[in-house]
Amino acid sequence: MNCDLLGVRNFIILPLLLLIYTPWVMAYESMHEKTPVGEIKILELPARIALEASSDDHYFAENNGLFRKLFGYISKHDLAMT
């Protein structure tokens, strides 16, 4: 019976902990603040570089080869990954 109580307690406590800590775990950075509803802002954005890797085969056949190509170029040219 003691084992059953531990299982029930864990079944209740673990989801509650996930709900409490999830907002902090999912933090992210943003370049610009959100624009309030009904307001229009015009921003001048700095120039950006867009890179693309391609393959004759489908994506998953490359075994991360496409990402490696991009990452190699980014590392070699000291570009920011933002």
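Structure first, text after, so check above.
Calculation rules
Residues numbered from 1 in each chain as written. Predicted model: local features only at pLDDT ≥ 70, side-chain atom pairs only at ≥ 80, totals over all residues. Heavy atoms only, no water. Helix = DSSP H or I, 4+ residues; strand = E, 2+ residues; numbered from the N terminus. Buried < 20%, exposed > 50% of the residue type's maximum accessible area, 1.4 Å probe, protein only. Areas by Shrake-Rupley, 256 points an atom, 1.4 Å probe, with all protein chains shown as cover. Patch = residues over 30% accessible without salt bridge, like charges linked within 9 Å, V, L, I, M, F, W, Y side chains within 5 Å. Salt bridge = Lys/Arg side-chain N within 4 Å of Asp/Glu carboxyl O. Phe/Tyr/Trp six-rings, centres within 6.5 Å; stacked < 30°, edge-to-face > 60°.

Caption draft 1: Representation of the overall build of the protein chain in the model. Across its full length, the protein chain carries two helices and zero strands. Across the 82 residues of the protein chain, 4% fall into the buried class. Accessible surface for the protein chain amounts to roughly 8,500 Å². Of this, 62% is attributable to carbon and sulfur atoms.

Caption draft 2: Focus on a nonpolar patch on the surface. Together, Phe11, Ile12, Ile13, Leu14, Leu16, Leu17 and Ile20 make up an exposed nonpolar region whose accessible area comes to about 690 Å². Along the chain, the position of leucine 17 falls in helix 1 (residues 2-25).

Caption draft 3: Broad picture of the packing of aromatic side chains. Enumeration over the complete set of coordinates arrives at one aromatic pair. Plain terms: the ring middles of phenylalanine 67 and phenylalanine 71 are 5.9 Å apart, the flat faces sit at 20 degrees to each other, and that makes the pair stacked. With phenylalanine 67 and phenylalanine 71 both in helix 2 (residues 65-76) and four residues apart, this pair spans about one turn of that helix.

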